[in-house]
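Each chain is listed here by its residues.
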Amino acid sequence: MNTPDTEMHPLKALEVAERQYAAGNYVESSRILWKATEATYVMMAKAHGLHTRDLNQIAAALDRKYGGNDRRSKRYYSGYLTTCGLMQDHAEMEALEGYELDWPSRRLMNFIKESYLKFGNDATGR
């Protein structure tokens with residue numbers, strides 16, 4: 001299977017995204033990361049009792065709850081949502097060059113893993 005099912009757990013999808021990225025299939029890797037990140041935000045909303053599927057509202061609520069006093073940590077979740085938008089742009093329009101994808105791809109992969117370890121009911125993805 002090259003692409004994850006829409007119901008595939010985001011941690012399992014990361015394995016597919018990493019293989020796609022390593023093979024140079026940056027558009028497909030970006031699409032998978034975009035969808036896995038969206039699913040991660042929905043999971044975090046459920047874990048926090050937020051009754052919305054609006055990703056911006058979820059990120060803002062998490063930033064209010066967990067944001068620190070410095071500028072960077074105040075927009076931690078919103079920042080990752082913006083990075084998710086880069087993956088969506090690349091998946092839909094090939095907006096970035098291959099070398100521009102390394103940092104955001106790696107950061108989103110780590111963010112998803114950390115989010116499931118912290119908030120996920122099933123951090124193993126099984």
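Structure first, text after, so check above.
Here the structure is a predicted model, which is why all the values come from computation and not from measurement. (Residues numbered from 1 in each chain as written. Predicted model: local features only at pLDDT ≥ 70, side-chain atom pairs only at ≥ 80, totals over all residues. Heavy atoms only, no water.)

A. Structural detail: helix α5 (residues 76–93). Its 18 residues place the ends of α5 26 Å apart at the C-alpha level, agreeing with the 26 Å of an ideal helix rising 1.5 Å per residue. Within α5 the residues assigned to the buried category are Y77, S78, Y80, L81, T83, C84, M87, H90 and A91. Within two residues after α5, E94 carries a phi angle of roughly 50°, on the positive side. (Helix = DSSP H or I, 4+ residues; strand = E, 2+ residues; numbered from the N terminus. Expected span 1.5 Å × (residues − 1). Buried < 20%, exposed > 50% of the residue type's maximum accessible area, 1.4 Å probe, protein only.)

B. Fine view of the nonpolar core. Formed by 33 residues in total, the largest nonpolar core has its most connected members in L33, Y41, M44, Y77, F111 and I112. Looking at this core, the elements that each hand over two or more residues are α1 (10–22), α2 (26–47), α3 (55–66), α5 and α6 (98–119). Leaving out residues up to four positions away in the same chain, I112 has contacts with P10, L11, L14, L33, A36, T37 and T40. (Core = buried A, V, L, I, M, F, W, Y, C linked by side-chain atoms within 4.5 Å. Contact = heavy atoms within 4.5 Å.)

C. Representation of the packing of aromatic side chains. Taken as a whole and assessed by the stated rule, the structure comprises nine aromatic pairs. The rings of Y41, Y66, Y76, Y77, Y80, F111 and F119 are connected pair by pair, giving a single aromatic cluster. When the ring centre of W34 is taken as origin, the NZ or CZ atom of K35, which lies over that ring, is 4.3 Å away. Here the guanidinium or amino end of K118 rests over the ring plane of Y66, the centre of that ring lying 4.7 Å away. (Phe/Tyr/Trp six-rings, centres within 6.5 Å; stacked < 30°, edge-to-face > 60°. Lys NZ or Arg CZ within 6 Å of the ring centre and 35° of its normal.)

D. Seen up close, the packing of α2 against α3. Following both chains from N to C, one finds α2 and α3 inclined at 55°, their axes separated by 10 Å at the closest point. Relative to α3, the element α2 is oriented oblique. For α2 against α3, the interelement crossing comes out left-handed. Residues E38, Y41, V42, M44 and A45 of α2 form the contact with α3, whose own contacting residues are L55, I58, A59 and L62. The class makeup of the residues in the contact of α2 with α3 is eight nonpolar, no polar and one charged. (Axes fitted to C-alpha atoms, helices over the stretch in contact; angles between N-to-C directions. Parallel < 35°, antiparallel > 145°, perpendicular 65-115°, else oblique. Left-handed = near helix turned anticlockwise from the far one by under 90°. Nonpolar A, V, L, I, M, F, W, Y, C, P; charged D, E, K, R; others polar.)

E. Region of the structure containing the environment of V16. Relative to the elements of secondary structure, V16 occurs in helix α1. Exposure remark for V16: the relative accessible area of 5% places this residue in the buried category. On a C-alpha basis, the gap between V16 and E28 in space is 9.4 Å, while along the polypeptide they are twelve residues apart.

F. Representation of the environment of E18 in the model. Residue position: E18 is located in helix α1. Linking E18 and S105, residues 87 residues apart in sequence, is a C-alpha distance of 9.0 Å. For E18, the contacting residues outside a window of four places in its chain are R106, M109 and K113.

G. Representation of the pattern of salt bridges in the model. By the definition in use, this model includes four salt bridges. In this structure, E18 engages K113 in a salt bridge whose closest nitrogen and oxygen atoms are separated by 3.4 Å. Note that E18 is positioned in helix α1 and K113 in helix α6, a separation of 95 residues in sequence. The salt bridge involving R106 is made with D102; its shortest N-O contact spans 3.6 Å. (Salt bridge = Lys/Arg side-chain N within 4 Å of Asp/Glu carboxyl O.)

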